[in-house]
Amino acid sequence: MSTTVVTSEAEGKTWGGGNEPLKASYGKMMMWFFIVSDALTFSGFLAAYGFSRFKFIDAWPIADEVFTHVPFLHGHELPMIYVAFMTFVLIMSSVTMVLAVDAGHHLNKAKVTLYMFLTIIGGLIFVGSQAWEWATFIKGDYGAVETKGGNILQFVDADGHRVALRDFAVAGEHERVQQERKNGLWFVGEGSLPTYTVEDVIHGFEANSNLLVRTQYLTEDGQKTVLSREESLKQLKANGKLVVEGANLQHNEYGSPLFADFFFFITGFHGFHVFSGVVLNIIIFFNVVLGTYEKRKSYEMVEKVGLYWHFVDLVWVFVFTFFYLV
Amino acid sequence: MAQDHKLEIFRGLLKFKSNTQKIWGVLIFLSFVTAIEVVLGIYKPESLMVKVLGMKLLNWIFIILTIVKAYYIAWDFMHMRDETKGLRRAVVWTTIFLILYLTFILLQEGGYVFNVYDKGFIKKDF
């Protein structure tokens, strides 16, 4: 026993433990390494999104046409505005977080409490906005017809403005009733049926001579291809198979179902990170209030959870670019 | 260690008196960059639609601005600027290398699959 003590002293205690060659504590360094691995997970998802997009580069939905809604401003086409607001909220909550870390360095309990609280509020606003964004996306807007081959046919008027199904299709007599578990086979249910059948849509389309079909294929200058009236009718009658309203994992009125799949998966995974970040922030917030770190004379836990929170912001910056801008 | 932050950004072009001031400065810069992105995304100027290295110039601008934002978030909010070189390189270069590698492979393959669908003559059902 005594010999070991002597050797470790002779070697300047290099192997005695407690060394910090990177001048960062164990906990902080492990948080950094967790962030590295999580960054790789996210980039794996985003690269997979890029793969699918390059695979269907000539038929990918245009994000500006998909995300055009802002809460309380119904009927206005305002692409980007709401996402920009969400981005700003998240960056702002990052700022309050870093201010909390800074106040922690000065052992200022009151300020840490305030800034942690603001960070939590920012995170909640962001998660709420994302939920709203999902709900709008799932509900859909204009509606479309899916063809046998899985392509999407949307409707425009002569000027190229989108026309919603509800503006021209008239719901006829429906023989098909949604099957529920209580009627029919008790173990089989099905999703809600669309408001219109393909026949309703075709009748409405024939009655309005100014309507045209828009396919999901892009022209040379990045616009969706609009078919001629005859071609539109032909496509609709020969290939129209299913009316799609909104988006889920199988069908997507905005275009390729893969777009919806990746949207749900990546923003969902990010939203889950924000949610767990908020939970961690709340735990740390209560520790701050209870004076745990005051007694410890170190607010390093705030710093660690701050690293995670900034990382969530960092990922959102990339999700924002690749889903809404590019 | 924790208290002495490096208080300058843009390679010393902009110096701040305190860490709090630097944080607000970085926030203004990040909001400014986001505002540019949003304005470009809404108006999509025709002059930026030329293709550079297989992608629209506008998209390149978006990606570069994103990386700029990521840099300031990591360097000033996550205090990467104040960490030792060893930690910084271990975290940043590892991630960048692996992400570039993964992105290159997947995008290359995606482009290939598109070409097969578009111009190929492979029959799947014989």
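Worth saying up front: this structure is predicted, and the values here are computed from it rather than measured.

Caption draft 1: Highlighting the overall build of chain A. Check the secondary structure of chain A and you find 10 helices and 5 strands. Its C-alpha atoms give chain A a radius of gyration of 27 Å, clearly above 20 Å, the size a compact globule of 326 residues would have. Considering chain A as a whole, with its 326 residues, one finds that 38% of them fall into the buried category. Within chain A, counting contacts between residues at least 6 apart in sequence, those at least 24 apart form 68% of the total.

Caption draft 2: Fine view of the overall build of chain B. Scanning chain B from terminus to terminus reveals 3 helices and 4 strands. Ordered by position in the sequence, the α and β elements of chain B form the string β-β-α-β-β-α-α. For 126 residues, the compact-globule formula gives about 14 Å, and the C-alpha radius of gyration of chain B, at 21 Å, lies well above that figure. With the principal axes as the frame, chain B shows a C-alpha extent of 70 × 40 × 20 Å. For chain B, buried positions account for 19% of its 126 residues. Restricting to contacts in chain B with at least 6 residues of sequence separation, those with at least 24 account for 38%.

Caption draft 3: Looking closely at the sheet that holds strand S1 (residues 144-147) of chain A. Residue and element names in this part refer to chain A. An order of S4-S3-S2-S1-S5 is seen for the 5 strands of this open sheet, with the pairing classed as antiparallel. Every other strand in the sheet has two partners, leaving strand S4 (224-226) and strand S5 (240-244) as the edge strands with one partner each. Recorded for the sheet is a direction-independent mean angle of 40° between the axes of neighbouring strands. Here 3 bridges tie strand S2 (residues 152-156) to strand S3 (residues 212-218), and the two strands are oriented antiparallel to one another. By the bridge assignment, Gln154 is partnered in S3 with Arg214. Packing of helix H6 (residues 198-207) onto the sheet brings it into contact with S1 and S5, and relative to S5 it is tilted by some 95°.

Caption draft 4: Representation of the domain arrangement of chain A within the structure. When its domains are assigned, chain A resolves into domain 1 (39-140 + 259-325) and domain 2 (144-244). Its C-alpha centre places domain 1 of chain A at a distance of 36 Å from the equivalent point of domain 2 of chain A.

Caption draft 5: A look at the pairing of S3 of chain A. Of the strand pairs in this sheet, S3 of chain A and S4 of chain A are connected by 2 bridges, and their pairing is antiparallel. Bridging across to S4 of chain A, Leu218 of chain A finds its partner in Lys224 of chain A.

Caption draft 6: Structural detail: the domain arrangement of chain B. You can read the domains of chain B as domain 1 (1-82) and domain 2 (84-126). The gap between the C-alpha centroids of domain 1 of chain B and domain 2 of chain B is 25 Å.

Caption draft 7: Representation of unusual backbone geometry within the structure. Residues and elements named next belong to chain A. Here the phi dihedral of Met80 falls at roughly 75°; this positive angle occurs in a residue that is not glycine. Looking at where Met80 falls in the secondary structure, it is placed in the loop between helix H3 (63-66) and helix H4 (81-105). If you check the backbone angles, Lys297 has positive phi at about 60° while not being a glycine. Since 7 C-beta atoms lie within 10 Å of it, Lys297 is described here as exposed.

Caption draft 8: Inspection of the UniProt feature "transmembrane region" (unreviewed entry) in chain B at higher detail. Residue and element names in this part refer to chain B. Mapped onto the present numbering, the UniProt feature "transmembrane region" (unreviewed entry) falls at residues 23-43, 58-78 and 90-107. Helix and strand shares over residues 23-43 are 100% and 0% respectively, and the end C-alpha atoms of the span are 30 Å apart. Annotated as 100% helix and 0% strand, the span residues 90-107 places its first and last C-alpha atoms 26 Å apart.

Caption draft 9: How the structure looks around the packing of helix H5 (residues 109-139) of chain A against helix H8 (residues 257-290) of chain A. All names here are of chain A. Following both chains from N to C, one finds H5 and H8 inclined at 155°, their axes separated by 9 Å at the closest point. Taken together, H5 and H8 sit at an angle that is classed as roughly antiparallel. Viewed along their axes, H5 and H8 form a crossing whose handedness is left-handed. Grouping the amino acids of the contact of H5 with H8 by side-chain chemistry returns 17 nonpolar, 8 polar and 1 charged.

Caption draft 10: Looking closely at the UniProt feature "transmembrane region" (unreviewed entry) in chain A. Residue and element names in this part refer to chain A. Mapped onto this structure's residue numbering, the UniProt feature "transmembrane region" (unreviewed entry) falls at residues 31-51, 80-100, 112-132, 262-293 and 305-325. With 95% helix and 0% strand, residues 80-100 has end C-alpha atoms that lie 30 Å from one another. The distance from the first to the last C-alpha atom of residues 262-293 is 41 Å, and the span holds 97% helix and 0% strand.

Caption draft 11: Structural detail: H8 of chain A. If you check H8 of chain A, its first and last C-alpha atoms are 49 Å apart, about what 34 residues at 1.5 Å a residue would give, namely 50 Å. Just downstream of H8 of chain A lies Gly291 of chain A, where phi reads positive at about 85°.

Caption draft 12: Summary view of the pairing of S1 of chain A. All names here are of chain A. Sheet analysis places S1 next to S5, joined by 4 bridges and oriented antiparallel. The residue of S5 that forms the bridge with Ala144 is Val244. Counting the residues in the hairpin turn of S1 and S2 gives 4 residues, including Gly150, whose phi is positive at 85°.

Caption draft 13: Highlighting the packing of helix H1 (residues 19-43) of chain B against helix H2 (residues 57-77) of chain B. Residues and elements named next belong to chain B. Interhelical geometry of H1 versus H2 gives an angle of 165° and a closest axis separation of 10 Å. In this view, H1 runs roughly antiparallel relative to H2, as classed from their interaxial angle. Considering only the axes of H1 and H2, their crossing is left-handed. In this structure, H1 uses Lys22, Val26, Phe29, Leu30, Val33, Ile36, Glu37 and Leu40 to contact H2, whose residues at the interface are Leu58, Ile61, Phe62, Leu65, Val68, Lys69, Tyr72 and Asp76. Of the residues contributing to the contact of H1 with H2, the split by class is 12 nonpolar, no polar and 4 charged.

Caption draft 14: Expanded view of the interface of chain B and chain A. In this complex, chain B contributes 42 residues to the contact, which on the side of chain A involves 41 residues. Those elements that place two or more of their residues in the side of chain B that touches chain A are H1, H2 and helix H3 (85-119) of chain B. In terms of residue count, the dominant contributor to the side of chain B that touches chain A is H3 of chain B (16 residues).

Caption draft 15: How the structure looks around the environment of Gly120 of chain B. Residues and elements named next belong to chain B. Within the fold, Gly120 resides in the segment after H3. Gly120 sits in the exposed class, given 11 other C-beta atoms within 10 Å. Distance from Gly120 to Met49, taken between C-alpha atoms, is 28 Å for residues 71 residues apart in sequence.

About the thresholds
Residues numbered from 1 in each chain as written. Chains lettered and ligands numbered in written order. Predicted model: local features only at pLDDT ≥ 70, side-chain atom pairs only at ≥ 80, totals over all residues. Helix = DSSP H or I, 4+ residues; strand = E, 2+ residues; numbered from the N terminus. Rg over C-alpha atoms; globule rule 2.2 N^0.38 Å. Buried ≥ 20, exposed ≤ 12 C-beta atoms within 10 Å, placed from the backbone. Contact = placed C-beta atoms within 7 Å. Pairing = 2+ DSSP bridges. Axes fitted to C-alpha atoms, helices over the stretch in contact; angles between N-to-C directions. Domains from an automatic or database assignment. UniProt positions renumbered as here; feature names shortened; annotations may be inferred. Parallel < 35°, antiparallel > 145°, perpendicular 65-115°, else oblique. Left-handed = near helix turned anticlockwise from the far one by under 90°. Nonpolar A, V, L, I, M, F, W, Y, C, P; charged D, E, K, R; others polar. Expected span 1.5 Å × (residues − 1).

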